[in-house]
Amino acid sequence: MSTAGRSGEVPARSRRADALRNQQTLLAAAAAVFVTSGVDAPIREIAARAGVGIGTIYRHFPTRADLVVAVYRHQVEACAEAGPTLLANADSPFAALREWVDLFVDFLVTKHGLANALQSDSGGFDALHAYFLDRLVPVCARLLDAAVDAGEIRPGTQAYELMRGIGNLCVGRDSDPRYDPRRLVELLLRGLRRPRSS
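Thresholds applied
- Residues numbered from 1 in each chain as written.
- Predicted model: local features only at pLDDT ≥ 70, side-chain atom pairs only at ≥ 80, totals over all residues.
- Heavy atoms only, no water.
- Phe/Tyr/Trp six-rings, centres within 6.5 Å; stacked < 30°, edge-to-face > 60°.
- Helix = DSSP H or I, 4+ residues; strand = E, 2+ residues; numbered from the N terminus.
- Buried < 20%, exposed > 50% of the residue type's maximum accessible area, 1.4 Å probe, protein only.
- Axes fitted to C-alpha atoms, helices over the stretch in contact; angles between N-to-C directions.
- Parallel < 35°, antiparallel > 145°, perpendicular 65-115°, else oblique.
- Left-handed = near helix turned anticlockwise from the far one by under 90°.
- Contact = heavy atoms within 4.5 Å.
- Nonpolar A, V, L, I, M, F, W, Y, C, P; charged D, E, K, R; others polar.
- Salt bridge = Lys/Arg side-chain N within 4 Å of Asp/Glu carboxyl O.

Draft legend 1. Highlighting the packing of aromatic side chains. Per the stated rule, a full pass over the model turns up five aromatic pairs. For the ring pair Phe104 and Phe132, a centre distance of 6.1 Å and an interplane angle of 10° mean the geometry is stacked. Of this pair, Phe104 sits in helix α5 (residues 93-111) while Phe132 sits in helix α7 (residues 122-149); the two residues are 28 residues apart in sequence, bridging distant segments of the chain. Residue class for Phe104 comes out buried when judged on its relative accessible area of 1%. A centroid spacing of 5.4 Å and a plane angle of 20° characterise the contact between Phe107 and Phe132, whose relative ring orientation is stacked. On the criterion of sequence distance, the pair formed by Phe107 in helix α5 and Phe132 in helix α7 is long-range, its members being 25 residues apart.

This is the structure:
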């Protein structure tokens, strides 16, 4: 291979890295807009938040369903990766669990518009749901186990049932602006706490 061929590889790799970073920036911006404005938010609002033109978004994500699915996957990965980081850096395992649940609630607010955005693609929705469970249930289980081992919460709560309970508390947020699921989720988390001995 010639030197010119080899030197041409670095810029190509650099362009791919730049493109991936740009895509991650778009997904983070879209996720933030979806949390506040729902999955039907105008594309121009997402573009403005990301600091790009509307055409850039359509170049990466030709349909709204493509964008919503990509945001969904992006948020699942962010939640999955956040668990170990929070556990390592928070003041306690329970504090890590509480911070992780906040991220999870943000994700769920976005997720509730997913089925409508995908319309009748129930097979695609089922595959995404399986992916969500495979990635997040083990992370939640690890946080719960750490909090139990630290004596901060009672044993016996399963990750899936906690996540399902939080999900049920988040239902209805879209249709009722007076309803704030975070307050009830906080009550649920307090109910996990082990009573302090006097």
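Draft legend 2. A look at the packing of helix α8 (residues 159-170) against helix α9 (residues 181-192). Direction vectors running N to C along α8 and α9 enclose 155°, while the axes themselves pass 9 Å from each other. The pairing of α8 with α9 is recorded here as roughly antiparallel in orientation. Judged by the twist between their axes, the crossing of α8 over α9 is right-handed. Facing Leu162, Ile166, Leu169 and Cys170 of α8, the residues of α9 in contact are Pro181, Leu184, Val185, Leu188 and Leu192. Residues belonging to the contact of α8 with α9 are distributed by class as follows: nine nonpolar, no polar and no charged.

Draft legend 3. Region of interest: the pattern of salt bridges. Per the counting criterion, the structure on display carries five salt bridges. Here Arg135 ties to Glu77 by a salt bridge, and the two come within 2.7 Å at their closest N and O atoms. With a gap of 58 residues between them, Arg135 in helix α7 and Glu77 in helix α4 (residues 64-89) connect regions that are remote in the sequence. A residue is classified by how much of its surface remains accessible, and Glu77, at 22% relative accessible area, is partly exposed. The salt bridge partner of Arg182 is Asp106, with a shortest N-O separation of 2.2 Å. Here Asp106 lies in helix α5 and Arg182 lies in helix α9, a separation of 76 residues in the sequence. Exposure remark for Arg182: the relative accessible area of 33% places this residue in the partly exposed category. On the basis of relative accessibility, which here comes to 26%, the residue Asp106 falls in the partly exposed class.

Shape descriptors only; they carry no functional weight alone.
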